[in-house]
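# Close look at the chain arrangement
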Amino acid sequence: MSTAYALELTGVRKVYGAGDGAVTALDGVSAGVARGTFTAVMGPSGSGKSTFLHCAAGLDRPTSGQVLLAGTEIGRLKERELTELRRTRIGFVFQAYNLLPSLNVLQNITLPLRLAGRKPDPQWLREVVDGVGIANRLEHRPAELSGGQQQRVAIARALVTRPEVVLADEPTGALDTRTGRQVLDLLRAIVEQMGQTVLMVTHDPVAASAAHGVLFLADGKLAGHLAHPTPERVAERMTHLGEW
Amino acid sequence: MLDLAWQTIRSRLGGFAGAFIAILCGTALVAACGILMESGLRAGVPTQRYAAAAVVVGGAQSVRPPGADALSTEQVGEQPAVPAALTGRIAAVPGVRAAVAEQSFPAQVVTRDGRVLADRESLGHNWDAAVLAPFTLRGGGAPAAADEVVLDADLARRADAVVGGQVRITTRSGPVAFKVSGVVDGPSRQSALFFTPERAAELAGRPGQVHAIGVLADPGVAPETLAERVRAVTGGAEVATGVERSSIEFLDVSQTRVLLLAIAGSFGGFALLIAVFVVASTLALTINQRRREFALLRAVAATPRQIRKLIGTETTLIALVAGVLGSLLGLAVAGGLRDAFAAIGVIPADFGLAISPLPLLAAVLLGLGAARLAAWAAARRPSSIRPVEALGEAAVERRELGRGRLLTGWGLVLAGVGGALAPLFLRGDIAAATSSMATLVIVVGLAVAGPQVTGLVMRFLVPVLARLWRISGYLAGANGHANARRVAAAVTPLMLAVAFALVTFYGPMATTTAAQQETTRSTTADYVLTAPGGLSPEVAAAAGRVPGVAAATPVVRTSVITATPVGDSVEVQRTPAQGLAGEEAGAALELGVDAGRLTDLTGDTVALSRSEADWLDKKLGDEVEFYFGDGVPAKLRLVATYTHDLAFGDFVLPVALVREHIGGRLDDSVLVRRQPGADAGAVASALSALPYPGLGVAPASVIAAPDGGERQAQFYLNLVAAGVIVGYLAISVANTLVLTTAQRGREFALLRLVGTTRRQVTRMMRLEALATVGIAVATGTLVALIPLALLNFGLRGNPVPAGPPAVYFGIIGGAVLLGMVAIGVATSVALRARPIDAIGLRE
């Protein structure tokens, strides 16, 4: 628990299918995400960034290699243990379809706790709800919220269990620039004010520039790293990715 | 988990409608069957003639051969008798005020214009038994002489008889004049005539035996206690109190109770099984639609067990509500079933139902259990969904079915086809039963291999459809081909329903028609004589003496009970039998005798069908053991075997012997054969002129096959059962079609945005509907046709199934209507939204 890295991948390979139809999504990726940082993973389509996220979250098992979450190797865990891991130590935000349509906002937020059979800490819950700015819509159903509001609820749900790391898969992909900006600022805020660690996958240079650092993926391999990104530098890096 | 389940149900009411209805109907049926079963046990028709008798002793109502276990008994088919000597022993039992023996025999009044009053069962009794009801004198006095009779008031009124006047009464002999000495008031389910005890004993014709012994109790003695004491001295006779007294009184009531128990038991079990199937498939559909939801839950860290628990809880909630409503509905269904059975004639019209909360509670619990079972089966797939699916669009299904599933499916189909060949080698009811089993196996096999079959057919249909309708047909074909699983989900229950309905209707038709044809072929007589209520044995003799008549044989239709050792236990069965006069029968009937001679059929002898003789392993001259229709054991010598068993049943006995074991009933008919060259008209009028009231002379071609009544009742029962099953399957089909169509809203929106007109989309769906229904109807017909054709060929020599073609078209029409309406409605609802909105919509 006292490692500097919240998430560490070592030589991770992921191959889908077999024989002639085999697709190598990740080809020996080694990377570390330090605690209390906001890291973006960028790359063109087919670069393996979604697979990267899935392996990091324990949603998919790598074909070879090691994934360490706060020091625990998750490749060895059984399905049940992985599930419990997802409840307590990982928070997840998807691009779309994040919320159960039958539940209201508050129920969606407290869902992981309820699944774990734990009661929410009222103060932390209050803090999270105020932090994402959704306190006035707690009784509403997802269908009654805008896209941006839904993402904020998703982020709140990801935070409610005080995870080691929050993983976000294109969280601004379905939002307009203004709302997207708000979500990115929120993600940045939870890192700087609450001390969370956030790993975000995106293809948008503007979104990537909200992070502290950017990892570039191309054709399943790590293709570079950029600290203190700006949109222009990220975009330039992206254009030259194939040449590395 | 509970409120999560509750929330889901509240927001997705439509999706659960199918499961709700299936559980509702299933519980209603099970509750109704439970009520019928309880009625079979406890209720019925209240006793009438024995109302004043605390305990009634009668002949054993069922036969339980040595070696048979408690469940293998068989109801007697005729009124059993009780030895008269028991009366003295019973009278000596403490607590008995009096023991009165009752004679009961057919006795009908003949009106002045020659009409026989037999619309109600009309029985004669000895006068001292009147005290058991009691019948009370309204006018006149008890019969004192052998030619005096007392009538019940209703009968007297209908016969226009007055005290002191004359009536003509027919019994086992021809009509005889009696003087009416009195009129009584009393229960009127049957008509009652009272004679002096001596005359009654003479008219009953069973020396030493009585129908029942009624026991009047000392004041203060409880009936059950008295029954115990009486049981101790009566040996194997039936001792009844309370509502069971009517079983001894009315033969049809006693048979009804057993029948109800059997029907209700198997019916209810069947309904429950089908309910599990339908609920599982409707649930599987909703669950499949909620795939993304479950994947999200898995991603947010619900364990597979929690997902299964969620589905289980949702199902339990629905099952509780549907179950309670269903079992209340079951009360109405029980009443309806009772009326339906009474209309068919399977139970007496005044059979009452016993209603208690026990069957209702049992139905709710059983419905709950069935729903949980279905939920467990349906929940196994979503609980193993990989969370990654939440992030993807897995809308097109995997292409191949597992090898194991394919092998199983086709293996079953082959096995079924093999079974369908049975009628070529077996005969009679076994052939029919094997045939319907085989159909079921084929259907199950096709259901298992369903998607592959549908895919294959679709592949042929695609170019045809595309040719005929350039756009709609092309789309429809492509859809069906790519989503064969979805199409198969709708085709399978519809095919099942069609095949099932066809076999249930046309299967028994084959046997009935074959029996009828064989009967007609086997009857060489020219005339058949009948009368309402039966014919006196004297009629056959009188007909035989008419000039121009070559032979006249009486025919008595009864049943016998066989006990065959099967493995460790004994199988007891009641089978139809006929009583014929050996010498004359050969002239009027063609039994296809293949060994021995029918003229030897006198005294203690029997003739068996060839298949029965082989089954029992008996040769000519061997002794055959079985039980007569009234439960008395028989040991008779085999003198002949014959082959026309469809027309005559498996047992033919000498009529004189049979008459002693039919509870005093009269002959069913007399068959008369003219001498060649005799004047047809003269013979016919001479026969009509026989002095027997109500005698009808008809050409022998109108003879019905034996057992026509019971087969008919069995047939209607099967229809009711099939109706239930088909109804269930219809629910499943409708649910499947509606849900799968509704979920394709986005697809329709896409089509419309890309340039397909609304009409083309509607036509595409209509074509898909036609294709789906068409495949189901075609496979269903084919599946039913193979066993039916084989059965008809084996039984009748003609592979074209017997029966009205109108029913076939009705079944097909119903299936087509169901499919088109379900898809049509769902499509128009799905097309209502503006395409640009619909394309953004999630489920």
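Just so you know, the residues in each chain are numbered from 1, in the order the chain's sequence is written. In the order they appear in the text, chains get letters beginning with A and ligands get numbers beginning with 1. Two thresholds apply to this predicted model, a pLDDT of at least 70 for residue-level local features and 80 or more for giving and counting side-chain atom pairs, whereas whole-chain, interface and lining totals are computed over all residues. Side-chain measures were taken over the full set of non-hydrogen atoms in the model, leaving aside hydrogen atoms and water.

### Comments concerning the packing of helix α5 (residues 122–132) of chain A against helix α6 (residues 147–159) of chain A
All names here are of chain A.
- Interhelical geometry of α5 versus α6 gives an angle of 150° and a closest axis separation of 9 Å. By the criterion of interaxial angle, the relationship of α5 to α6 is roughly antiparallel. You can see that α5 and α6 cross each other, and the crossing is right-handed. Contacts between α5 and α6 pair Trp124, Val128 and Val132 from the former with Arg152, Ile155, Ala156 and Leu159 from the latter.
- Side-chain classes follow a simple rule in which Ala, Val, Leu, Ile, Met, Phe, Trp, Tyr, Cys and Pro form the nonpolar group, Asp, Glu, Lys and Arg form the charged group, and the remainder, Gly included, forms the polar group. Residues of the contact of α5 with α6, tallied by class, amount to 6 nonpolar, no polar and 1 charged. Every axis corresponds to a line fitted to the C-alpha atoms, with the helix fit spanning only the stretch in contact, and the corresponding angles, defined between N-to-C directions, vary from 0 to 180 degrees. The helix count covers DSSP runs of H or I at least four residues long, the strand count covers runs of E at least two residues long, and both are numbered beginning at the N terminus. Should an angle fall under 35 degrees it is called roughly parallel, over 145 degrees roughly antiparallel, and 65 to 115 degrees roughly perpendicular, with every other angle called oblique. In this scheme the handedness of a crossing depends on how the near helix is turned from the far one: anticlockwise by less than a right angle means left-handed, clockwise means right-handed. Throughout, a contact is declared for two residues whenever any of their heavy atoms are within 4.5 Å.

### Quick look at the packing of aromatic side chains
Residues and elements named next belong to chain B.
- Two rings from Phe, Tyr or Trp (for Trp, the six-membered ring) form a pair when their centres are within 6.5 Å of each other. A pair whose planes differ by under 30 degrees is stacked, one over 60 is edge-to-face, and the rest are tilted. Scanning all chains against the criterion turns up 8 aromatic pairs over all chains.
- Between Phe178 and Phe195 the ring centres are 5.2 Å apart and the planes differ by 70°, which places this aromatic pair in the edge-to-face class. Taken together, the residues span a long stretch of sequence, with Phe178 in strand β12 (residues 175–185) and Phe195 in strand β13 (residues 191–195) at a distance of 17 residues.
- Since its relative accessible area comes to 1%, Phe178 is described here as buried.
- On the basis of an interplanar angle of 70° and a centroid distance of 6.1 Å, the ring pair of Phe626 and Phe628 is categorised as edge-to-face.
- Per-residue accessibility, obtained with a 1.4 Å probe over protein chains only, is compared with the maximum for each type, and a residue is labelled buried under 20%, exposed over 50%, and partly exposed between these values. For Phe626, a relative accessible area of 3% corresponds to the buried category.
- The class for Phe628 is buried, based on a relative accessible area of 6%.
- Through pairs of rings, three or more aromatic residues link up here, namely Phe105, Phe178 and Phe195.

### Here's the deal with the sheet that holds strand β16 (residues 238–241) of chain B
Residue and element names in this part refer to chain B.
- Two strands pair if DSSP finds at least two bridges between them. Pairing in this open sheet of 4 strands is antiparallel, and the strands run β5-β15-β1-β16 from one edge to the other. Strand pairing shows two members of the sheet lacking a second neighbour, β5 (96–102) and β16, which therefore form its edges. Mean inter-strand twist for the sheet, computed between neighbouring axes without regard to direction, equals 20°.
- Sheet analysis places β5 next to strand β15 (residues 212–217), joined by 6 bridges and oriented antiparallel. Bridge pairing in β15 links Val100 to Gly214.
- In this fold helix α6 (residues 223–234) packs onto β1 (55–58), β5, β15 and β16, with an angle of close to 175° to the strand it touches most, β16.

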